[in-house]
Amino acid sequence: MRDFSRDHRWLSINTATVRKSRGVDVPLLDILDACAARGIRAVAPWRDQVASAGLSKVASALKSHGLALSGYCRGGMFPATDGAGLQAAHDDNRRAVDEARTLGAPCLVLVVGGLPGALDGKAAHKDITRARAQVHEGIARLLEYARSCQMPLAIEPLHPMYAADRACVNTLEQALDLCDAIDPIPATADMRPADLGVAVDMYHVWWDPKLQAQIARAGQRRLLAFHVCDWLTPTTDLLLDRGMMGDGVIDIAQARGWVEDQGFAGYSEVEIFSAANWWQRDMGEVLDTCIARHRSAV
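For the structure given in this document, a descriptive report is provided here. (Residues numbered from 1 in each chain as written. Predicted model: local features only at pLDDT ≥ 70, side-chain atom pairs only at ≥ 80, totals over all residues. Heavy atoms only, no water.)

## Here's the deal with the overall build of the protein
- Looking only at helices and strands, the protein has 10 helices and 11 strands in total.
- In terms of overall size, the protein behaves like a compact globule, its C-alpha atoms giving a radius of gyration of 18 Å where 298 residues would be expected to give roughly 19 Å.
- Projecting the C-alpha coordinates of the protein onto the three principal axes gives extents of approximately 45 × 40 × 40 Å.
- Per-residue burial for the protein yields a buried fraction of 54% across its 298 residues.
- Within the protein, counting contacts between residues at least 6 apart in sequence, those at least 24 apart form 80% of the total.
- When the accessible surface of the protein is summed, it comes to about 12,400 Å², and 50% of that surface belongs to carbon and sulfur atoms.
- Distance between charge centroids for the protein: 3 Å, based on 32 positive and 37 negative side chains. (Helix = DSSP H or I, 4+ residues; strand = E, 2+ residues; numbered from the N terminus. Rg over C-alpha atoms; globule rule 2.2 N^0.38 Å. Buried < 20%, exposed > 50% of the residue type's maximum accessible area, 1.4 Å probe, protein only. Contact = heavy atoms within 4.5 Å. Areas by Shrake-Rupley, 256 points an atom, 1.4 Å probe, with all protein chains shown as cover. Lys, Arg positive; Asp, Glu negative; His and termini not counted. Charge placed at Lys NZ, Arg CZ, Asp CG, Glu CD.)

See below:
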């Protein structure tokens, strides 16, 4: 297991972590400047932040700062009520692949979606089996294009509390079942990253009694991203009250050991949504805390 206590060379900042400073939106280019100034080597930007800044400007800033990406957030949201909706999702996901390729991302993270309309407060139906079938079909269709662009896709299972509105894939086992069904890996395959794999986000999977076994099942080829934060007790908002590493109940170091046992040697990506706490603090303080906690709690 790598020693993170001496430096933060394997720290990545998901830009949602500092999308607000003292409650005010922070431009993405300012986030990149602040990360580079602290010797942070990698980031994972969100598509809305990239769109606001301009894709070409972001690509140029990343190159100027020498910043790598640990992933690109996000594609997915596949389910729909009709063919037009399914096509719109596919077209948007193709654009996400193109953006990820332009920025040099190692993978496009997929948050697959849930019941159509649920995210806006009114689900069009209650058939989660249908939604999961559309996710399967949507990923399989997108993979053809992503493979032609040499852009791996990383399915991110979300905590079951998000099954209705954000992701009907809720365990690492489900995500790997999809990978094996859509893109089986031959027994004689080399060890390059798979075209379809998983993003292991500790906020979503820490509770899973099968976690260690499923990480082992994923193996080096399917482990495309590793996200860290902490689960607070109590949690006051299921979306916007993630904790800084070390402030909650997740044994992050243990899980990192499990993924590294499989050969994962990438970045630990800090992804924190914290409307009442960290987004109310100064961006510099948040980044400095991420560096310190990456050394002590990851």
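## Things to note about the pairing of strand β6 (residues 72-76)
- Most of β6 sits out of view: four of its five residues are buried.
- Following the backbone out of β6, through helix α4 (residues 83-103) and into the adjacent parallel strand β7 (residues 108-111), one traces a crossover that is right-handed. (Right-handed = clockwise from strand over helix to strand, strands pointing away.)

## Description of the environment of A175
- Here A175 is to be found in helix α6 (residues 172-182).
- With a relative accessible area of 0%, A175 lands in the buried category.
- For the pair formed by A175 and A218, sequence separation is 43 residues and the distance between their alpha carbons is 9.6 Å.

## Things to note about the pairing of strand β1 (residues 11-14)
- Going residue by residue along β1, you find L11 and I13 tucked away on one face and S12 and N14 tucked away on the opposite face as well.
- Pairing analysis gives three bridges linking β1 to strand β4 (residues 42-44), with the strands arranged parallel. If you follow N14 over to β4, its bridge partner there is A44. (Pairing = 2+ DSSP bridges.)

## Points about the nonpolar core
- I139 and I155 are the most contacted members of the largest nonpolar core, which totals 86 residues.
- Among the elements that line this core, the one with the most residues is helix α5 (residues 128-148), at seven residues.
- For I155, the contacting residues outside a window of four places in its chain are L110, V112, I139, V169, A175, L178, C179, L196, G197, V198 and A199.
- C107, V109, A154 and A199 belong to the second largest nonpolar core, which has six residues in total. (Core = buried A, V, L, I, M, F, W, Y, C linked by side-chain atoms within 4.5 Å.)

## Some thoughts on the packing of α5 against α6
- With their axes 11 Å apart at the nearest point, α5 and α6 run at an angle of 50° to one another. As the angle between them shows, α5 and α6 are arranged oblique. Here α5 runs over α6; the crossing is right-handed. Contact with α5, carried on its side by R132, V135, H136, I139, A140 and L143, involves Q174, L178, A181 and I182 of α6 and no other residues of that element.
- Each residue belonging to the contact of α5 with α6 can be placed in one class, and the counts come to seven nonpolar, two polar and one charged. (Axes fitted to C-alpha atoms, helices over the stretch in contact; angles between N-to-C directions. Parallel < 35°, antiparallel > 145°, perpendicular 65-115°, else oblique. Left-handed = near helix turned anticlockwise from the far one by under 90°. Nonpolar A, V, L, I, M, F, W, Y, C, P; charged D, E, K, R; others polar.)

## Some remarks on the pattern of salt bridges
- Tallied over the full model, the rule gives 23 salt bridges.
- One salt bridge in this structure joins D3 and R6, with 3.7 Å as the shortest N-O distance.
- R6 gets classed as exposed once you look at its relative accessible area, which sits at 70%.
- One salt bridge connects D195 with R192, and the closest N-O pair in it is separated by 3.8 Å.
- Taken together, the salt bridges that share partners define one network made up of R47, D92, R95 and E99. (Salt bridge = Lys/Arg side-chain N within 4 Å of Asp/Glu carboxyl O.)

## Description of the packing of α4 against α5
- The geometry of α4 relative to α5 is characterised by a closest axis approach of 10 Å and an angle of 40° between their N-to-C directions. Here α4 is positioned oblique relative to α5, judged by the angle of their axes. The interaxial crossing formed by α4 with α5 has right-handed handedness. In this structure, α4 contributes L86, Q87, H90, N93, R94, V97, D98 and R101 to the contact, and α5 contributes Q134, R141, L142, Y145 and A146.
- Of the residues assigned to the contact of α4 with α5, the class counts are five nonpolar, four polar and four charged.

## Some thoughts on the packing of aromatic side chains
- Enumeration over the complete set of coordinates arrives at six aromatic pairs.
- Arranged with centres 6.4 Å apart and planes meeting at 65°, the rings of F226 and F264 form a pair that is edge-to-face. Of this pair, F226 sits in strand β10 (residues 223-228) while F264 is found in the loop between α9 (252-261) and β11 (268-270), placing the two residues 38 residues apart along the sequence.
- Put simply, the rings of W46, F273 and W279 touch in pairs and so form one group of aromatic residues. (Phe/Tyr/Trp six-rings, centres within 6.5 Å; stacked < 30°, edge-to-face > 60°.)

## Quick word on the environment of L119
- Along the chain, L119 falls in the loop between β7 and α5.
- Once residues within four sequence positions are removed from consideration, L119 is found in contact with M77, D165 and R166.

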